[in-house]
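Descriptive structure summary
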Amino acid sequence: VQLQASGGGLVQAGGFLRLSCAASGRTFSRYAMGWFRQAPGKEREFVARISWNSGSTYYADAVKGRFTISRDNAKNTVYLQMNSLKPEDTAIYYCASPENPYTERVANPMYWGQGTQVTVSS
């Protein structure tokens, strides 16, 4: 299983970015997908997740109302639309997916992508 994240970059506060994570190596539509992030000197934290059937989404309080997670099963890709970005959103963003199918949540054991850097300037 491979997860390839992309779409990061440098943006001013108040701006937007859309991250993508392309998955391969198994039937994408059977698995929940999630985004996590890790800021310098901090532990990795949960950002958002979407269930295997897109029936539910869930967000960390810090991003609720600003970020939207979605998936396109035809493209084996999950997205994270990030609006109204803040300097505190600066981090490496990782996509992840559980090893077990047909779940709502993303929980260990999981596969991880390589991360994409998001930097928000003030």
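Scope of this entry: the structure provided in the associated data block. Quantities reported herein were computed from a predicted structural model and do not represent experimental measurements. (Residues numbered from 1 in each chain as written. Predicted model: local features only at pLDDT ≥ 70, side-chain atom pairs only at ≥ 80, totals over all residues. Heavy atoms only, no water.)

**What about the nonpolar core?**
Counting residues in hydrophobic clusters, the biggest one holds 27 residues, and the most contacted among them are Trp35, Leu80, Met82 and Tyr93. Going through the elements one at a time, β1 (2-6), β3 (17-24), β4 (33-38), β5 (45-50), β7 (67-72), β8 (77-82), β9 (91-98) and β11 (116-121) are the ones with two or more residues in this core. Ranked by residue count, the leading element in this core is β3, at four residues. Setting aside anything within four residues of it in sequence, one finds Leu80 in contact with Leu17, Arg18, Leu19, Trp35, Val47, Ala48, Phe67, Thr68, Ile69 and Tyr93. (Core = buried A, V, L, I, M, F, W, Y, C linked by side-chain atoms within 4.5 Å. Buried < 20%, exposed > 50% of the residue type's maximum accessible area, 1.4 Å probe, protein only. Helix = DSSP H or I, 4+ residues; strand = E, 2+ residues; numbered from the N terminus. Contact = heavy atoms within 4.5 Å.)

**Here we look at unusual backbone geometry**
Residue Pro109 follows Asn108 across a cis peptide bond; omega there is 0°. Its place among the elements puts Pro109 in the loop between β9 and β10 (110-112). The phi dihedral of Ser54 falls on the positive side, at around 60°, and the residue is not glycine. The residue Ser54 is located in the loop between β5 and β6 (57-59) in this model. Of note, the phi angle at Ser84 is positive, near 50°, even though the residue is not glycine. For Ser84, the position within the fold is in the loop between β8 and β9.

**Focus: the packing of aromatic side chains**
Throughout the structure, instances matching the rule amount to five aromatic pairs. By way of ring pairs, the aromatic residues Phe36, Phe46, Tyr58, Tyr94 and Trp112 are connected into one cluster. Directly above the aromatic system of Tyr31 lies the positively charged group of Arg26, at a separation of 3.4 Å from the ring centroid. Residue placement shows Arg44 over the ring face of Tyr94; its charged tip is 4.0 Å from the ring centre. (Phe/Tyr/Trp six-rings, centres within 6.5 Å; stacked < 30°, edge-to-face > 60°. Lys NZ or Arg CZ within 6 Å of the ring centre and 35° of its normal.)

That's the geometry; what it means functionally is another story.
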